[in-house]
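Analysis of the macromolecular model
Below, each chain spelled out in residue letters.
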Amino acid sequence: QVQLVESGGGLVQAGGSLRLSCVASGRTFSSYPMGWFRQAPGKEREFVAGVSWRGGSTNYADSVKGRFTISRDNAKNTVYLQMNSLKPEDTAVYYCAADRTLYGVTVTTRTTNYWGKGTLVTVSS
């Protein structure tokens, strides 16, 4: 059974940092892109960051560029999201995603075939 399990969410003050982790089990995703999406209350799920299958290529939503960094460790089947300079508008449930595109460079909602259950990030002002 394939599982993506996120951790690292919590409550932080504006300007603070958090590091999210997502551990995959049940199969290896080393040949597939992975990434993070988020969903704030009353809003649709949105793309946050993606990393290519080898980790050499990353891309970000404009709203998090320069503040968030995505990385992966294929030996550990894990993807990370380092979030710095957090803002109240970053408050959301963050979901880990694994894409079905072999040797792809990023994740999209349409091509993601595995989702984690999410971890809540709350940024207070």
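Structure shown above.
The sections below set out a description of the structure shown in this document. No experiment lies behind these values; they were computed from the predicted model shown.

1. Details of the state of the cysteines
- Using the criterion set out here, one finds one disulfide in the structure.
- The partner cysteine of Cys 22 in its disulfide is Cys 96, sulfur to sulfur 2.1 Å. Since a negative S-S torsion denotes a left-handed disulfide, the Cys 22-Cys 96 link at about -80° is left-handed. Here the residue Cys 22 occupies a position in strand E3 (residues 18–25), and Cys 96 occupies one in strand E9 (residues 92–99), the gap between them amounting to 74 residues.
- Relative accessible area serves as the criterion here: at 0%, Cys 22 is assigned to the buried category.

2. Things to note about the sheet that holds strand E7 (residues 68–73)
- Taken in spatial order, the four strands line up as E1-E3-E8-E7 in an open sheet, and their pairing is antiparallel. Each edge of the sheet is formed by a strand with only one pairing partner; in this case those strands are strand E1 (3–7) and E7. Adjacent strand axes in the sheet meet at a mean angle of 15° when their direction is disregarded.
- Here E3 pairs with strand E8 (residues 78–83) via six bridges, running antiparallel. Paired with Ser 21 across the bridge in E8 is Tyr 80.

3. What to know about the pairing of E7
- Alternating positions in E7 separate cleanly, Phe 68, Ile 70 and Arg 72 being buried on one face and Thr 69, Ser 71 and Asp 73 remaining unburied on the opposite face.
- Sheet analysis places E7 next to E8, joined by six bridges and oriented antiparallel. Among the inter-strand pairings, Phe 68 is bridged to a residue of E8, identified as Met 83.
- Counted along the chain from E7 to the antiparallel partner E8, the turn is four residues long, and its residue Asn 77 has a positive phi close to 55°.

4. Quick look at the side chain of Asn 77
- Relative to the helices and strands, Asn 77 resides in the loop between E7 and E8.
- For Asn 77, a relative accessible area of 13% puts it in the buried group.
- Not counting residues up to four positions away in its chain, the partners in contact with Asn 77 are Cys 22, Val 23, Ala 24, Ser 25, Arg 27, Thr 28, Phe 29 and Ser 30.

Rules of the game
- Residues numbered from 1 in each chain as written.
- Predicted model: local features only at pLDDT ≥ 70, side-chain atom pairs only at ≥ 80, totals over all residues.
- Heavy atoms only, no water.
- Disulfide = S-S within 2.5 Å.
- Helix = DSSP H or I, 4+ residues; strand = E, 2+ residues; numbered from the N terminus.
- Buried < 20%, exposed > 50% of the residue type's maximum accessible area, 1.4 Å probe, protein only.
- Pairing = 2+ DSSP bridges.
- Axes fitted to C-alpha atoms, helices over the stretch in contact; angles between N-to-C directions.
- Contact = heavy atoms within 4.5 Å.

None of the figures reported here should be taken as evidence of function without further support.
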